[in-house]
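Each chain, letter by letter, is given below.
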Amino acid sequence: MTPVSGSLAAARELLREFPVVDGHNDLPWALREQVRYDLGARDIATHQGAHLHTDLPRLREGGVGAQYWSVYVRSDLPDAVPATLEQIDCVRQLIARYGSELRPALTAADMEAGRREGRIASLMGAEGGHSIANSLGTLRQLYELGVRYLTLTHNDNVAWADSATDEPGVGGLSEFGREVVREMNRLGMLVDLSHVAATTMRHALDTSVAPVIFSHSSSRAVCDHPRNIPDDVLERLPVNGGMAMVTFVPKFVLQAAVDWTAAADDNMRAHGLHHLATTPEAMKVHRAFEETNPRPVATVATVADHLDHMREVAGIDHLGIGGDYDGTAFTPEGLDDVSGYPNLVAELLDRRWSRTDLAKLTWGNAVRVLGAAEDVAQEVQARRGPSNATLEQLDG
Amino acid sequence: MADLQDELHITAEVGELDPPVSPPTPLPELPELPDLDEHALVAEPCLAPLSDQDAAPLDRAHTILAAHPVADGYSGLPWALRHLPWYDLELGESTIDTDVPRMRRGHVGALFWALHLPEGLAVDRAVGATLEQLDLVKTVARSHPEGLRLAGDAGQVTDARNCGRVAVVLGPAAAAALDDSLGILRVLHSLGLRVLTLSGTSWASEAGLTRFGEEVVREMNRLGVLADLSGASDATIHRAVRISKAPVLCTRSAARALRPHPANLPDATLAELGAAGGLCLVPLTAEQTGPTVRDVADHLDHVRAVAGPECVGLSGTYDSGSAHPQELGDASCYPNLIAELLRRGWTEPDIALLTWGNVQRVLRTADFTAKAAQQRREPSTARIAELDG
């Protein structure tokens, strides 16, 4: 279902006033992998459609007003800290290089200032507890460098928290994991529960005194994938005050794509290959599979279905958007790259979402949540000093 | 309200210039200045001696240090504190050599907090461990606001001093903390790191600086991170002195002519360092300088003679596991050393340079160099794999 042009014009109009805060974009990792941070080789002031989902012209077209740039690094590195710092340096170089378009942002007030100035407020989020190497001191230094959320895990467990896509380990959050959450509350760093196991989500909600976020996750009731959020967790967001930022990744949001991906992975394994292998031989096997099994395509409506459901369960004050651009190979039709957000807003207008509701979805909720985390931090700091607890002390 | 002006000036109509107030009075003739030697130009303006020349040397030392405190180039506190379950530096801490009361008695005005790591950690996970050390120093400084204050440049060091706080400068850290990445250097600088020791990596080894190593030095110049060459190889020292646009430091080096310790510098190197405006900070350790105050003073005499009075400074090296000379057992003992120098005829200006002035000059020059370099140079994207293949 393509939205009528009237809705699209209205969507663009709305986004001019209440632009999108996107919870997760992997441009830094793409720049690391593609050109080893040679920003001149991928000048995002010009159209980079051949290589990237993200560049400044398309962010403008998409009505993006604030972006959490992910400083993700792989969780299978022996030491994730050095690479995380390089990712942070990359974001800072981007902000310095494109200062007329990007604005450094550390607070909710900075986000509002960015909106007033017409620059994209640029925040940072770290994706996975491995980036702090079991150290609260390292966590504090990441905060000082500007990191404003930490996803507790990526695809693999960490010693103190279970991932959604790994075997159960500590059964949610360990005691040290809870201490990480408390220290994040003290700092004003948002606890991000995308990628974590449902058990971890529940433990984090039990522990956190600040709003939590899901930087890029959708609804498990709509599409049963472990990366999505179960309803019992969504139901707790109103009390917690946090938000779920819907993601677009087809293999998480469309049941047919989930099934297709599982079948494709099985096919790879049946050929004795790793399911994520990208060698020429593996690609050949994969292409042959794709020829006989066409890849199901998600659309704007697929994502809107998630939002409709999440809104019913969590309420309009607890929703946002986290596209995961440049962090996923495939994207839905109509949300092909960062210029696509107006299509989603138009679809929601057609579904009778009010302007007030859409302003909360795109802008208001995310600004409120970061501001609330700042308020909590101020309060906690009056009571609590920096924690130097260690994994060994708390988890033995 | 009464008119407070002596004479009223009539202002011009809009659009016209004010009439001149009065013809400028010619300045009185100044007496011709006597020829100054180079020395006096470098010294801080210190017109009259601070101390009574006839007073006891120790009293004079206190008087001079009160005006020109010690900028101490190396403290092992971060690692020492890491192993104390509880401490209060403001109240005093007998298990370590440094606390606020003793720094006040010793007239310490600034302290470089070393972030060096023990051998095992230095190889394994140097970046994370360095972040933890940075975090620890900042936490300590913030939790002792009456005694300590973090300082990121020469101006902030002076500010801290003027507020009666000991300025806390972050560094030196080990070169391994960069994990061969200029991006990590930039991040560590933004977290406050101001000194990096150029040794113990592939790009700053016994063989000297590689091409990447030279790029590290240029990026350090651009950021304002000082190069520490204590413990670096002769080849590295020679090259770094030549290519660095900012003065270099040796945070823990004495004279090899007097004591053959590997970190001590031969006369040729001291002279080279002096000619380049670098700074040799003499450590107060029995191992490097000798067991008595007189031994330390011998080293200071020698370094001053070879490198010059603008190129010598002090490095307490307390809490780093070294044994210290007699009468220099902790951070309160600097007056004993200065008294010995006074007995040897050191002038007040030279002492002022030794304790405070030289470190200030180096920090300030590094700031200027960085500002100038930032006008010319973009952040470097060089990678070790490209430059050193």
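The residue numbers shown here count from 1 along each chain, following its written sequence. Here the convention is simple: chains get letters from A, ligands get numbers from 1, in the order in which they are written. Predicted model: local features are reported for residues with pLDDT of at least 70 only, side-chain atom pairs are reported and counted for 80 or more only, and whole-chain, interface and lining totals are derived from all residues.

(A) Quick peek at the overall build of chain A. Helix and strand counts for chain A come out as 17 helices and nine strands. Throughout, the radius of gyration refers to the C-alpha atoms, and the reference size of a globule is 2.2 Å times the residue count to the power 0.38. Relative to the 2.2 N^0.38 estimate, which gives 21 Å for 396 residues, the radius of gyration of chain A is 20 Å and therefore close to what a compact globule would have. When its C-alpha atoms are laid out on the principal axes, chain A stretches across 55 × 55 × 45 Å. Here the contact rule is simple: place C-beta atoms from the backbone, and any two residues whose C-beta atoms are within 7 Å are in contact. Here the analysis covers contacts within chain A between residues at least 6 apart in sequence; of these, 74% occur between residues at least 24 apart. Where helices and strands are cited, they refer to DSSP runs of H or I of at least four residues and of E of at least two residues respectively, numbered from the N terminus.

(B) Main features of the domain arrangement of chain A. Residue and element names in this part refer to chain A. A domain assignment, automatic or from a database, supplies the domain bounds used here. The domain boundaries assigned to chain A delineate domain 1 (5–254 + 299–391) and domain 2 (255–295). Between the C-alpha centres of domain 1 and domain 2 the distance comes to 29 Å. Taken residue by residue, the interface counts five residues in domain 1 and five residues in domain 2. Partitioned by chemical class, the residues of the side of domain 1 that touches domain 2 number three nonpolar, one polar and one charged. When residues are sorted by character, Ala, Val, Leu, Ile, Met, Phe, Trp, Tyr, Cys and Pro go into the nonpolar class, Asp, Glu, Lys and Arg into the charged class, and all the rest, Gly among them, into the polar class.

(C) Molecular detail of the packing of helix α8 (residues 182–190) of chain B against helix α9 (residues 211–223) of chain B. Residue and element names in this part refer to chain B. Two numbers describe how α8 lies on α9: the axes approach to 11 Å, and their chain directions differ by 25 degrees. Between α8 and α9, the angle falls in the class roughly parallel. The handedness of the crossing between α8 and α9 comes out as right-handed. Along the contact surface, α8 presents L182, L185, R186 and H189, while α9 presents V216, E219, M220 and L223. Grouping the amino acids of the contact of α8 with α9 by side-chain chemistry returns five nonpolar, one polar and two charged. Interaxial angle, 0 to 180 degrees, is taken between N-to-C directions of lines fitted to C-alpha atoms, where a helix line uses only the stretch in contact. Our angle categories are set so that under 35 degrees counts as roughly parallel, over 145 as roughly antiparallel, 65 to 115 as roughly perpendicular, and the remainder as oblique. Take the far helix as your reference; a near helix turned counterclockwise from it by less than a right angle gives a left-handed crossing, and one turned clockwise gives a right-handed crossing.

(D) Examining the interface of chain A and chain B more closely. At the junction of the two partners, chain A supplies 20 residues and chain B supplies 20 residues. Going through the elements one at a time, α4 (80–97) and α6 (136–144) of chain A are the ones with two or more residues in the side of chain A that touches chain B. By residue number, the principal contributor to the side of chain A that touches chain B is α4(A), which donates seven residues. Here the side of chain A that touches chain B is built from residues that sort into eight nonpolar, five polar and seven charged.

(E) Quick peek at the confidence of the model for chain B. On a range of 0 to 100, pLDDT expresses the predictor's confidence in each residue. Put simply, chain B has an average pLDDT of 91, and 87% of its residues get 70 or more. Model confidence for the complex: the whole-complex pTM is 0.92, and ipTM, which rates the interface, is 0.95.

(F) Seen up close, the pairing of strand β2 (residues 108–113) of chain B. All names here are of chain B. Here exposure depends only on C-beta density: within 10 Å of a residue's C-beta, 20 or more other C-beta atoms make it buried, 12 or fewer make it exposed, and intermediate numbers make it partly exposed, the C-beta atoms being placed from the backbone. Most of β2 sits inside the fold, with six of its six residues counted as buried. A pair of strands is considered paired only if DSSP assigns at least 2 bridges between the two. Of the pairings in the sheet, the one linking strand β1 (residues 70–75) to β2 comprises four bridges and is parallel in character. Bridging from a neighbouring strand, V70 pairs with V108 of β2. As judged from the four bridges shared by β2 and strand β4 (residues 166–170), these two strands associate in the parallel manner. Of the residues in β4, the one forming a bridge with W113 is L170.

(G) A look at the environment of A:V73. All names here are of chain A. Along the polypeptide, V73 turns up in the loop between β2 (64–70) and α4. For V73, a count of 25 C-beta atoms within 10 Å corresponds to the buried category. Note: C-alpha distance between V73 and E86 (13 residues apart in sequence) is 9.6 Å. With residues up to four places along the chain from it excluded, the contact list for V73 reads A80, A83, T84, Q87 and S131.

(H) Unusual backbone geometry, seen in detail. All names here are of chain B. Geometrically, the link from G171 to P172 is a cis peptide bond, its omega value of 5 degrees lying close to zero. Among the secondary structure elements, P172 is positioned in the loop between β4 and β5 (173–174). Positive phi, normally seen in glycine, also occurs at D180, with a value near 60 degrees. Assignment of secondary structure puts D180 in the loop between β5 and α8. At E327, a position not held by glycine, the phi torsion is positive, near 65 degrees. Along the chain, E327 turns up in the loop between β12 (312–315) and α14 (334–343). Taking the number of C-beta atoms within 10 Å as the measure of exposure, E327 has 15 and is therefore partly exposed.

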